[in-house]
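An overview of the molecular structure
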Number of protein chains: 2
Amino acid sequence: MTKVSVRGFTISVDGFGAGPDQSQEEPLGKGGEDLHRWLVGTRTFHAMTGKGGGSTGVDESYAARHMDGIGAYIMGRNMFGPVRGLWPDESWKGWWGDNPPYHAPVFVLTHHPRASVEMAGGTTFHFVTDGIESALRQAKAAANGRGVQIGGGVSTVRQCLQAGVVDEMHLAISPIVLGRGEALLAGIDLSALGLAVREHTASENALHVVLARR
Amino acid sequence: MTKVSVRGFTISVDGFGAGPDQSQEEPLGKGGEDLHRWLVGTRTFHAMTGKGGGSTGVDESYAARHMDGIGAYIMGRNMFGPVRGLWPDESWKGWWGDNPPYHAPVFVLTHHPRASVEMAGGTTFHFVTDGIESALRQAKAAANGRGVQIGGGVSTVRQCLQAGVVDEMHLAISPIVLGRGEALLAGIDLSALGLAVREHTASENALHVVLARR
């Protein structure tokens, strides 16, 4: 069976996966960038953004396994980009430049159809208009025995949790408060979904917990 | 001005300060005891419970300052004990035995009047029936220049946060999920209340953050 995971998803102490007032300039909302302080210093993130160096401690160990063994991704349209409503043209191709860090098929949930976009490095964006179940089916087929990762954002992860399809979730809790924004876990009973903490490690920058099926 | 603080208040990764189904046997609800794993191993907690030894690291440094400089406490009736409704008699005197760890006046919020109870070691329980503002006024007067601490539980801390009277709050985030229970921060905008993270340290058992007024 294909494993469905969420990895490296970061929330604030008050439970928000994104701050308020998201925009093209602040895709994670006001203060939301600060969530990922644990990640941006790591060797993996440095490499991903074309820089050398970077930390090699606890945070790096989680960053390094972020994409390990993943054959396909699912993300919400708001994570793919700031365009809302009908696609005005084909120009928006994600936040990540010509060679996105996925190197695998990415299924983007949207209400508005669009032709698939093939990028450099093995990433292809497919646009799914018939819901999360369909996206999961397509992603599992495309993953070809490897795992499926739910990339985000908050609303997509919530949908997957509520549908009971998440087998494993690595959460990082960042020592910041956002006040308002998108609450990841509000109204979601992780215990009833069969998820419990299997592993936890803290760094200077975050508390890492891995939830898995009991 | 008297400082009002919350200290050593622990929440789960999913934001609960107590689990579901609280009872006399499980005052913190199902799974709620696990919240305080960071605390029970410390030298301070050992001393408080008449044992020697205990840890001396990060967790201990937070446990040790728990009651530092505090002249009076406020707590909700459900933290004082499991008795609900009218007090049937004077027999319930808290969870803590003859010599409670407060050694100061403790103002217990309740709808049902009761005479003050003087305990060994300087703790006196006063019962306040006219609300949080009155309890704060009385606690500040009794604290005599020292600080007032909001002991809990969740509902009392929420009331104080919402009233905008909390100057400082030390939260410990425990690497567990509770699924259901009493959510500490749901619907509370800490940023709008002027609270931001001033300090954070992680141990093996918890992420500690201290929020203070900006």
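Only a predicted model underlies this, so the values are computations on that prediction, with no experimental measurement involved.

Examining the overall build of chain A
Looking only at helices and strands, one finds six helices and eleven strands in chain A. Relative to the compact-globule value of 17 Å for 214 residues, chain A shows a C-alpha radius of gyration of 16 Å, a close match. Across the 214 residues in chain A, those meeting the buried criterion constitute 45%. Counted over contacts in chain A with a minimum sequence separation of 6, partners at least 24 positions apart contribute 63%.

A word on the relation of the copies chain B and chain A
Structural alignment of chain B on chain A gives an RMSD of 0.0 Å, achieved by rotating through 180° and translating 0.0 Å along the axis. On the angle and the small slide along the axis, the relation comes out as a two-fold axis. Residue by residue, 100% of the interface of chain B is reproduced at the interface of chain A, so both copies engage with the same surface.

Thoughts on the interface of chain B and chain A
Contacts between the two partners involve 27 residues from chain B and, on the opposite side, 27 residues from chain A. Of all the secondary-structure elements, those providing two or more residues to the side of chain B that touches chain A are β8 (168-174), β10 (195-202) and β11 (207-213) of chain B. Residue composition of the side of chain B that touches chain A, by class: 18 nonpolar, five polar and four charged.

Things to note about the sheet that holds strand β11 (residues 207-213) of chain A
All names here are of chain A. Pairing in this open sheet of nine strands is mixed, and the strands run β5-β6-β4-β3-β7-β1-β8-β11-β10 from one edge to the other. Because the sheet does not close on itself, it has two edges, and the strands there are β5 (117-118) and β10 (195-202). Direction of pairing for strand β1 (residues 4-12) relative to strand β8 (residues 168-174): parallel, over a ladder of six bridges. Within β8, the position partnered with Phe9 by the bridge is Leu171. In the packing of helix α5 (residues 131-143) onto the sheet, the strands contacted are β3 (70-76), β4 (105-109), β6 (124-128) and β7 (147-152), and the crossing angle to β3 comes to about 160°. Packed on one face of the sheet, helix α6 (residues 154-162) meets β1, β3, β4 and β7 and runs near 135° to β7.

So, how was this worked out
Residues numbered from 1 in each chain as written. Chains lettered and ligands numbered in written order. Predicted model: local features only at pLDDT ≥ 70, side-chain atom pairs only at ≥ 80, totals over all residues. Helix = DSSP H or I, 4+ residues; strand = E, 2+ residues; numbered from the N terminus. Rg over C-alpha atoms; globule rule 2.2 N^0.38 Å. Buried ≥ 20, exposed ≤ 12 C-beta atoms within 10 Å, placed from the backbone. Contact = placed C-beta atoms within 7 Å. Least-squares fit on C-alpha atoms with pLDDT ≥ 70 in both. Nonpolar A, V, L, I, M, F, W, Y, C, P; charged D, E, K, R; others polar. Pairing = 2+ DSSP bridges. Axes fitted to C-alpha atoms, helices over the stretch in contact; angles between N-to-C directions.

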